[in-house]
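Okay, here's what each chain looks like letter by letter:
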Amino acid sequence: MMRRVVVTGIGLVTPVGNDAPTTWASLIEGKNGVGTITRFDASKLSCQIAAEVKAFRSEKYISSKDVRKMGLFIQYGVHASLEALNDAGMGGRIGEGANAHINPKRVGVSIAAGMGGLPEIQATDRDLFAREKKITSPFFIPMIIPNLASGHVSIIANAQGPNTCIATACASSAHSVGESMRLIQYDKADVMVAGGAEAVICELGVAAFASMKALSTRNDDPAHASRPYDQDRDGFILGEGSGVLILEEYEHARKRGARIYAEVLGYGLNCDAYHITTPAPEGAGAQECMRLSLEDAKISAADVGYVNTHGTSTSAGDCLEATAVATVFGAAKNLNISSTKSMTGHLLGAAGGIEAAFSTLSLFHGIIPPTINLVKMDEVSAATGLNFTAHHAVKKNYKYALSNSFGFGGTNASLVFGRV
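Residues numbered from 1 in each chain as written. Predicted model: local features only at pLDDT ≥ 70, side-chain atom pairs only at ≥ 80, totals over all residues. Heavy atoms only, no water.

1. A look at the overall build of the protein
Along the protein, the regular secondary structure elements total 14 helices and 14 strands. Taken over the C-alpha atoms alone, the protein extends approximately 60 × 55 × 40 Å along its principal axes. A separation of at least 24 residues holds for 79% of the contacts in the protein among residues at least 6 apart in sequence. Surface summary for the protein: the accessible area is close to 16000 Å², and the carbon and sulfur share equals 54%. Distance from the positive charge centre (37 side chains) to the negative charge centre (39 side chains) of the protein: 5 Å. (Helix = DSSP H or I, 4+ residues; strand = E, 2+ residues; numbered from the N terminus. Contact = heavy atoms within 4.5 Å. Areas by Shrake-Rupley, 256 points an atom, 1.4 Å probe, with all protein chains shown as cover. Lys, Arg positive; Asp, Glu negative; His and termini not counted. Charge placed at Lys NZ, Arg CZ, Asp CG, Glu CD.)

Rendered as structure tokens:
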């Protein structure tokens, strides 16, 4: 019999809060996390807005000595991971002290990153060519390598089990959660610290996405710039942060008296095999991915009460995903969907991690977070007849949630969570 996997801890660093409770409260209030870029002077760029993390204090969990070795995305990932471990009642080193009963060889870490240390690469390149001596910091490479978030967490927490970093663009951390679930199901670990981290808000990152015509240029109205499914959207908002879940084998969690947020029931993954940036017609790949996750969870589409959509605020992506959801779920009267990216922006490789956390918290609290800025729905989305949970959160007692994440290259991931 396949081992059951549950969520026992959540850690979040997002544009609307630097911990899980603050972030969740902000989502339910419909708080916008987008503003004019403060990290650098963006006045010469076509896009001058982003969803930045505000007033982040790394020293809560990371020593000043270690901060020097970490790129910003690593700091976010370590912070969220240690918050999640604390939330799960596993703060401190695994196998020692209060955690002496937990086998460190059975605890793993998988913190994904879509792009790694882009701001640090940019800054080091500029610094290198501004000097006569071509010398970089000895910490440069450890600051930018994507798997170093997982590496630092394992060292700090003494987690000696599987240690990975998945890089599948905007599906990275959803794949991380799904693959971590599999490791526990297949008895390769009892606990996995799983999610993702991203921090690419720098001149290079913003300019590059803007050159693809992917970003919103609603610079004079950032509060309303991220508007999934709205006919007046003009691109997505670049976000940053980290979302991490503690996944644990059910009996392992029960024996230590852990609080259980939800159960991870299903995981689907596939590829459109169509285009590097544009989803397949009719959202065919997304449809199949959702069906695979439902089949894995052994539930029907009619059982699902909420879908946290990928919903980035781009015309092609939004319309095709709405079509895909409507095709898979039909005219399900009990279904709510929403795009929380309307508030957080798009966290790229970290998006799936924070949205898995949002789906888990939605189930646990019985509240569906809203899609804000949905003033006039585009014709394709409107024609689906789906309930987009516009403007305001909705209290709802339901049993199953599904979270979608799709990435460049046509890679797809869907996760199914259930109440315990």
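2. Here we look at the sheet that holds strand S8 (residues 262-271)
Strand order across the open sheet formed by 10 strands is S5-S4-S6-S7-S1-S8-S14-S13-S9-S10, with mixed pairing between neighbours. In this open sheet, the two edge strands, each paired with only one partner strand, are strand S5 (163-164) and strand S10 (336-338). Contacts from helix H3 (residues 72-87) reach strand S1 (5-13), strand S4 (107-112), strand S6 (191-198) and strand S7 (241-249) within the one sheet, and its direction differs from that of S1 by about 135°. (Pairing = 2+ DSSP bridges. Axes fitted to C-alpha atoms, helices over the stretch in contact; angles between N-to-C directions.)

3. What to know about the state of the cysteines
For the structure shown, the criterion picks out 0 disulfides. Note on cysteine 165: no disulfide assigned, nearest cysteine sulfur contributed by cysteine 170 at a separation of 14 Å. With no disulfide of its own, cysteine 319 lies 18 Å from the sulfur of cysteine 170, the closest cysteine sulfur. With relative accessibility at 15%, the residue cysteine 319 sits in the buried group. (Disulfide = S-S within 2.5 Å. Buried < 20%, exposed > 50% of the residue type's maximum accessible area, 1.4 Å probe, protein only.)

4. Observations concerning the packing of aromatic side chains
Going through the model one piece at a time under the given rule, you end up with 5 aromatic pairs. With a centroid separation of 5.0 Å and an interplanar angle of 85°, the aromatic rings of phenylalanine 56 and tyrosine 76 are classed as edge-to-face. Residue phenylalanine 56 is found in the loop between strand S3 (49-50) and helix H2 (64-67), and its partner tyrosine 76 is found in helix H3; the two are separated by 20 residues along the sequence. Of the two residues, phenylalanine 56 and tyrosine 76, neither departs from the other in class, the shared state being buried. Seen in terms of ring centroids, phenylalanine 209 and phenylalanine 236 are 5.7 Å apart; in terms of plane orientation they differ by 75°. Their pairing is edge-to-face. (Phe/Tyr/Trp six-rings, centres within 6.5 Å; stacked < 30°, edge-to-face > 60°.)

5. Overview of unusual backbone geometry
Located in the positive-phi region is aspartate 187, a residue other than glycine, with phi close to 65°. As for its placement among the helices and strands, aspartate 187 is situated in the loop between helix H7 (172-185) and S6. Taking the relative accessible area as the measure of exposure, aspartate 187 reaches 40% and is therefore partly exposed. Phi is positive for serine 313, close to 90°, though the residue is something other than glycine. Relative to the assigned elements, serine 313 resides in the loop between strand S9 (304-308) and helix H11 (315-329). Under the relative-accessibility criterion, serine 313 is labelled buried at 0%.

6. Re the pattern of salt bridges
Enumeration over the complete set of coordinates arrives at 18 salt bridges. Between aspartate 187 and arginine 106 there is a salt bridge, and its shortest N-O distance comes to 2.6 Å. You can see aspartate 187 sitting in the loop between H7 and S6 and its partner arginine 106 sitting in the loop between H3 and S4, a full 81 residues away along the chain. The exposure class assigned to arginine 106 is partly exposed, which follows from its relative accessible area of 21%. One salt bridge connects aspartate 318 with arginine 233, and the closest N-O pair in it is separated by 3.0 Å. With aspartate 318 in helix H11 and arginine 233 in the loop between helix H8 (203-211) and S7, this pair connects stretches of sequence that are 85 residues apart. (Salt bridge = Lys/Arg side-chain N within 4 Å of Asp/Glu carboxyl O.)

7. A word on the layout of surface pockets
Quantified by volume, the largest pocket comes out at close to 710 Å³. Every element with two or more residues in the lining of the largest pocket is listed here: H11 and strand S13 (400-407). Top contributing element to the lining of the largest pocket by residue count: H11, with 6 residues. When its volume is computed, the second largest pocket comes out at roughly 240 Å³. Around the second largest pocket sit Met1, Met2, Arg3, Arg4, Val5, Gln185, Glu263, Val264, Leu265, Asp296, Ala297 and Lys298, which together line it. Residue assignment for the lining of the second largest pocket shows that the elements contributing at least two residues are S8 and helix H10 (284-297). In terms of residue count, the dominant contributor to the lining of the second largest pocket is S8 (3 residues). By residue class, the composition of the lining of the second largest pocket is 6 nonpolar, 1 polar and 5 charged. (1 Å grid on protein atoms, 1.4 Å probe; cavity = no way out; pocket = protein on both sides within 12 Å on 5 of 7 lines; lining within 4 Å. Points joined across faces, edges and corners; volume = space filled by probe spheres on them. Nonpolar A, V, L, I, M, F, W, Y, C, P; charged D, E, K, R; others polar.)

8. Description of helix H6 (residues 148-157)
Two residues of an α-helix separated by three or four positions point the same way, owing to the 3.6 residues in each turn. Among the 10 residues of H6, 7 are classified as buried, and the element is accordingly described as predominantly covered. The elements touched by buried residues of H6 are H3, S4, S5 and S6.

9. What about the nonpolar core?
Membership of the largest hydrophobic core comes to 41 residues, with the highest contact counts inside it found for Val7, Ile10, Leu12, Leu245, Leu247 and Phe417. No other element matches helix H13 (residues 351-365), which puts 7 residues into this core. In this structure, Val78, Val153, Ala197 and Ile246 belong to the second largest nonpolar core, which totals 32 residues. (Core = buried A, V, L, I, M, F, W, Y, C linked by side-chain atoms within 4.5 Å.)

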